[in-house]
Amino acid sequence: ALEALTDPALTALSVDLVVGANNPHRQRLAALAEARGNTRLHPPRPHLADLMAEADLAIGAGGTTTWERCCLGLPSLVVSIADNQRLACEALAAAHVIDYVGHTDAVTSDRLCLALRALLDNPGQRQRLAAAGAERVDGQGVQRVIAAMQTADTLMKVSQ
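What comes next is a walk through the structure. Predicted model, so just to flag it, every value in this text is computed and none were measured. (Residues numbered from 1 in each chain as written. Predicted model: local features only at pLDDT ≥ 70, side-chain atom pairs only at ≥ 80, totals over all residues. Heavy atoms only, no water.)

### What about the side chain of R36?
Tracing the backbone shows R36 in helix α1 (residues 26-36). Although R36 is buried, it forms no salt bridge, and the closest oppositely charged side chain is D7 at an N-O distance of 9.1 Å. Polar contacts involving the side chain of R36 include one to the main-chain carbonyl oxygen of L10, which spans 2.8 Å. A distance of 3.0 Å separates the side chain of R36 from the backbone oxygen of L13, its partner in a polar contact. What R36 contacts, discounting residues up to four positions off in sequence, is L2, L5, T6, L10, T11, L13 and V15. (Helix = DSSP H or I, 4+ residues; strand = E, 2+ residues; numbered from the N terminus. Buried < 20%, exposed > 50% of the residue type's maximum accessible area, 1.4 Å probe, protein only. Lys, Arg positive; Asp, Glu negative; His and termini not counted. Salt bridge = Lys/Arg side-chain N within 4 Å of Asp/Glu carboxyl O. Polar contact = N/O pair within 3.5 Å; in protein donor to acceptor, adjacent residues only side chain to side chain. Contact = heavy atoms within 4.5 Å.)

### Some details on the pairing of strand β4 (residues 76-80)
Extensive coverage of β4 is indicated by the burial of 5 of its 5 residues. Where burial is concerned, the two faces of β4 agree: the one with S76, V78 and S80 and the one with L77 and V79 are both buried. Where strand β3 (residues 58-61) lies against β4, 4 bridges are found, and the strand directions are parallel. Along β4, the bridge assignment pairs I59 with L77. Crossover β3 to β4 through helix α3 (residues 65-71) is right-handed. Looking at chain direction, β4 and strand β5 (residues 99-103) are connected through 4 bridges and run parallel. Along β5, the bridge assignment pairs S80 with H103. Tracing the backbone out of β4, into helix α4 (residues 86-94) and back to the parallel element β5 gives a crossover that is right-handed. (Pairing = 2+ DSSP bridges. Right-handed = clockwise from strand over helix to strand, strands pointing away.)

### What about the pattern of salt bridges?
Summed over the entire model, instances satisfying the criterion amount to 7 salt bridges. Here R28 and E3 are joined by a salt bridge, their closest N and O atoms 2.1 Å apart. Of this pair, R28 sits in helix α1 while E3 sits in the segment before β1 (15-18), placing them 25 residues apart in sequence. Two residues, R144 and D138, come together in a salt bridge whose shortest N-O distance is 3.0 Å. Via salt bridges that share partners, D83, R86 and D105 belong to a single interconnected network.

Spelled out as structure tokens, the structure:
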């Protein structure tokens, strides 16, 4: 992603890059970030919500943080990095909730750059993605699970 962001048309963008503790490319990413400029490199964080709340657009993997980005109404370009992420990414893309670029083995920096430029050039699409994500993921899931568990517990007591 950082290589895609070195495209001359994208270098004015401010970028926050969070690099995991076990990322084997940490030093290379730090060098790319420094050379690119306008890029803040962050160490592993306990949460990303504060950075995501400030962002206009995200590039991320297709894991659980996808749901957090949706809840915050953050339009996202998404790359699946594990096979178990593909179906969810495809379904979210079909529902126009994310812009799914593809699986990591098929995504090049050029392909990501083109997708990013297309999304940046289309503010209406970014707004639609943000609205669709926030509509589908309202952040109230825990409360619904608790309510369902309480209902199930009540039904079990009644049936005994």
